[in-house]
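Descriptive structure summary
The residues making up each chain are set out below.
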There are 2 protein chains.
Amino acid sequence: MNETATADGLAHPFDRATALEATGAGAFAGRTSEDYWNFTGPFGGVTAATLLRAATEHPRRAGTPLALTVNFCAPVAKGDFAIAVREIKTNRSTQHWYVELSQPEAGIAATATVVFAERRQSLEHRPLQPPRVPAPETLTPLPMQGMMAWLQRYEFRFALNMPQRLGQTPNAEPASALSHVWVNDAPSRPLDFLSLTALADTFFGRIFHVLGALVPIGTVSMTTYFHGDADELAAHGSGPLLGAADAKVFNKGYSDQTVDLWSRPGRLLATSHQVVYFRA
Amino acid sequence: MNETATADGLAHPFDRATALEATGAGAFAGRTSEDYWNFTGPFGGVTAATLLRAATEHPRRAGTPLALTVNFCAPVAKGDFAIAVREIKTNRSTQHWYVELSQPEAGIAATATVVFAERRQSLEHRPLQPPRVPAPETLTPLPMQGMMAWLQRYEFRFALNMPQRLGQTPNAEPASALSHVWVNDAPSRPLDFLSLTALADTFFGRIFHVLGALVPIGTVSMTTYFHGDADELAAHGSGPLLGAADAKVFNKGYSDQTVDLWSRPGRLLATSHQVVYFRA
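Rules behind the numbers
Residues numbered from 1 in each chain as written. Chains lettered and ligands numbered in written order. Predicted model: local features only at pLDDT ≥ 70, side-chain atom pairs only at ≥ 80, totals over all residues. Heavy atoms only, no water. Helix = DSSP H or I, 4+ residues; strand = E, 2+ residues; numbered from the N terminus. Rg over C-alpha atoms; globule rule 2.2 N^0.38 Å. Buried < 20%, exposed > 50% of the residue type's maximum accessible area, 1.4 Å probe, protein only. Contact = heavy atoms within 4.5 Å. Least-squares fit on C-alpha atoms with pLDDT ≥ 70 in both. Salt bridge = Lys/Arg side-chain N within 4 Å of Asp/Glu carboxyl O. Expected span 1.5 Å × (residues − 1). Phe/Tyr/Trp six-rings, centres within 6.5 Å; stacked < 30°, edge-to-face > 60°. pLDDT = per-residue confidence, 0-100. Disulfide = S-S within 2.5 Å. Buried area = accessible area lost by both parts, 1.4 Å probe. Polar contact = N/O pair within 3.5 Å; in protein donor to acceptor, adjacent residues only side chain to side chain. Pairing = 2+ DSSP bridges.

Right, let's talk about the overall build of chain A for a bit. A tally of helices and strands in chain A yields six helices and 13 strands. Taking 19 Å as the expected radius of gyration for a compact globule of 280 residues, we find that chain A reaches 18 Å, a close match to that expectation. Along the three orthogonal principal directions, the C-alpha set of chain A runs to about 55 × 50 × 45 Å. Relative to its full complement of 280 residues, chain A shows a buried share of 60%. Summarising the internal contacts of chain A: among those between residues at least 6 apart in sequence, 69% fall at separations of at least 24.

Below is the structure:
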């Protein structure tokens, strides 16, 4: 776990937002953070990272994250929550967990399955190459002053399909759902599995890009695969990641979203998918 | 549920393989099928379909499958198994379930999370178009006589990257992981969410295509998103689906796999992803 002090001498807001207190065997307590507040609840990426953190901090955890699926069952309300972590199976090279986040009034608000793995040397082959985009320093960050809190915790430098004055000039015809964006924690923070998990959920609703308009959306289920071990993430440091996000289909109220997350030198660190409710 | 009688007057082998007996509240009993036997256990696609079937048959289930994640925790042994189904949360439009398959000696062998949804009319937009491939009738099915049982329960007509004499002439350099294949139940069977779930797992290990050789592999976690409701699947009938399967990265013993599944007229019915262990 990185506990990165920021200029004010405090822990990074991401570390505070995902902080947990062990309250028993496989039991943790946490609290939502104003720093990552979204329209009606905490930013889903931080909820996902918090569920992963609970499994990661379990004393029996072995290995690093390989696969994480988070199901968003109900809005997380402002305030305290409890996380229950259950070890399902530990094998020679993989370990399976089930995690639930609940609140007194709402009941279970989110669940997750987590697979940790001991990664070993093997054939390395990388058929997918990163998109060719301008260096992040040459791109202007989206201005986030006055926006929802969670948007102010990230820096977005669009290389392709920057959202333009959303809602003011809806597209006459459906536009491309594909975007390329350099994204980073704000303030920056050394990359780890938790921040990578949250970064995978920072991509704007694909329907916004298609319509050129904001409509109600919500992630229903999200799965992330991690393609390197802790050393490979640490080697990335605290610079921006390149994200390529796209969608294949919008039908009967739901859309997919696919995300590839690349390190600066073009290593694929994670791939992530989600199914998203939309109203349009 | 389709219960399709085959020429011999019996239920289709897929319906028999996924058959469950309700044994209590949220409890089901099943038995592995020789018809879908793989190298060391049942074909994972049938295990995934059986987990989905358990949730589907729960009397409180509402809606049709939207998202399914299956985690393969341990080999399923030949014989009886129990499935426990737990309702996590039911909302106005989505319903979340957790499912576990266990056996007396091995304990929990597989888990799943399932989201069902009530799908409503909305904007329909299909940015991804199907690959252009020859009609299935013009392609010769892979001969499956003498192969593992589960391979004989499917018909594969490759349009791109047909596996050639695997293991006899390994590739000198890594070859493409992308394949296009028309795939169908053998004998054919009207498509439903269960058979679609299994079909999404019929794609050969991407590492086989890359190496031109068979090496040990195993799916660790698999997620499928369903992009239509029951009527849209029923409209497909019993013909072959077109599958496009690819991989983005092979590193430290694990690879991803992405699959798009298309109806004959080019509707994207499902997208599926998995993370796969390999030894090479």
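Once chain B is rotated about the relating axis by 180° and shifted along it by 0.0 Å, it coincides with chain A to within an RMSD of 0.0 Å. One copy is carried onto the other by what is essentially a two-fold rotation axis. A shared binding surface is used by both copies, with 100% of the interface residues of chain B retained as interface residues in chain A.

Before going further, it helps to spend a moment on the pattern of salt bridges. In a structure, side chains of opposite charge can pair up when their charged atoms sit close to one another. The tally for this structure, following the rule as stated, stands at 32 salt bridges over all chains. Note that A:Glu124 and A:Arg126 form a salt bridge whose closest N and O atoms lie 2.9 Å from each other. A:Glu124 sits in the partly exposed class, given a relative accessible area of 43%. Residue A:Asp260 pairs with B:Lys248 through a salt bridge whose shortest N-O separation is 2.7 Å. Placement of A:Asp260 in strand E12 (residues 254-262) and of B:Lys248 in the loop between strand E10 (241-246) and strand E11 (250-251) is noted, with the two residues assigned to different chains. B:Lys248 carries the same exposure label as A:Asp260, and that label is buried. In this structure, a network of salt bridges that share partners links the residues A:Glu124, A:Arg126, A:Asp229, A:Glu232, A:Arg267 and B:Lys252.

Taking 1.5 Å of rise per residue, the 14 residues of helix H2 (residues 44-57) of chain B would be expected to cover 20 Å, and the 20 Å separating its terminal C-alpha atoms lies within 8% of that figure. Of all 14 residues in H2(B), 13 are buried; the element is thus mostly enclosed.

Let's shift gears to the packing of aromatic side chains. Scanning all chains against the criterion turns up 25 aromatic pairs over all chains. Arranged with centres 5.8 Å apart and planes meeting at 45°, the rings of A:Phe158 and A:Phe204 form a pair that is tilted. Pair noted here: A:Phe158 is in strand E7 (residues 154-160) and A:Phe204 is in the loop between helix H4 (193-199) and helix H5 (206-211), with a separation of 46 residues, a long-range link. Looking at A:Phe204, the relative accessible area reads 13%, which means it is buried. Judged by centre distance (5.9 Å) and plane angle (75°), the ring pair of B:Phe250 and B:Phe278 falls under edge-to-face.

Let us now look at the confidence of the model for chain A. Taken residue by residue, chain A gives an average pLDDT of 95. The fraction at 70 or more is 96%. For this predicted complex, the interface confidence score (ipTM) comes to 0.96, while the overall pTM stands at 0.96.

Right, let's talk about the state of the cysteines for a bit. Covalent bonding between the sulfur atoms of two cysteines is what defines a disulfide. Taken as a whole, this structure holds zero disulfides over all chains when the rule is applied. A:Cys73 carries a free sulfur, and the closest cysteine sulfur to it, the one in B:Cys73, is 19 Å from it. With relative accessibility at 2%, the residue A:Cys73 sits in the buried group.

A few words now on the interface of chain B and chain A. Opposite the 66 residues of chain B that make contact, chain A presents 66 residues. Regarding the contact of chain B and chain A, the summed buried area is about 5400 Å², with carbon and sulfur atoms giving 57% of it. On the surface where chain B and chain A come into contact, there are eight salt bridges. Its salt-bridge partner being A:Lys252, residue B:Asp229 comes within 2.6 Å of it at the nearest N-O pair. Put simply, chain B and chain A have 39 residue pairs in polar contact (both at pLDDT 80 or more) between them.

All names here are of chain A. Within E12, nine of the nine residues are buried, which leaves it mostly tucked inside the rest of the structure. Side chains Tyr254, Asp256, Thr258, Asp260 and Trp262 of E12 all project onto a buried face; the interleaved residues Ser255, Gln257, Val259 and Leu261 project onto the opposite face, where all are buried too. Note that strand E10 (residues 241-246) and E12 share five bridges and pair antiparallel. When the bridges of E12 are listed, Ala244 appears paired with Asp260. With two bridges connecting them, strand E11 (residues 250-251) and E12 associate as antiparallel partners. Across the sheet, the residue bridging to Phe250 is Ser255, located in E12. Adjacent in sequence and paired antiparallel, E11 and E12 are bridged by two residues, among which Lys252 carries a positive phi angle near 50°. Sheet topology places E12 next to strand E13 (residues 268-278); nine bridges connect them, and they run antiparallel. Looking across to E13, one finds that Ser255 is bridged to Val276. Linking E12 to E13, which pair antiparallel, is a turn of five residues; within it Gly266 sits at a positive phi near 90°.

Here the focus is the side chain of A:Thr258. Relative to the elements of secondary structure, A:Thr258 occurs in strand E12. When near neighbours in sequence (up to four residues on either side) are disregarded, A:Thr258 contacts A:Ala244, A:Ala245, A:Asp246, A:Lys248, A:Ser272 and A:His273.

Residue and element names in this part refer to chain A. If you trace the backbone, Leu196 turns up in helix H4. A C-alpha to C-alpha distance of 19 Å links Leu196 and His58, two positions 138 residues apart in sequence. With sequence-adjacent residues up to four places away left out, Leu196 is seen in contact with Leu191, Phe226, Leu233, Leu241, Leu261, Leu269 and Ala270.

A word on the side chain of A:His125. Positionally, A:His125 belongs in the loop between strand E6 (107-117) and helix H3 (149-152). Aside from chain neighbours lying at most four places away, what touches A:His125 is B:Pro174, B:Ala175, B:Val210, B:Val249 and B:Phe250.

Below, the discussion takes up the pairing of strand E9 (residues 217-226) of chain A. All names here are of chain A. The element E9 is largely enclosed, with a buried count of seven among its 10 residues. The pairing of strand E3 (residues 64-72) with E9 spans five bridges and is classified as antiparallel. Within E9, the position partnered with Asn71 by the bridge is Ser221.

It is worth spelling out unusual backbone geometry at this point. Residue and element names in this part refer to chain A. A cis amide bond links Ala186 to the next residue, Pro187, at an omega of 0°. Here Pro187 shows up in the loop between strand E8 (179-185) and H4. Phi is positive for Asn161, which is not a glycine, with a value near 70°. Judged by its relative accessible area of 26%, Asn161 is partly exposed.

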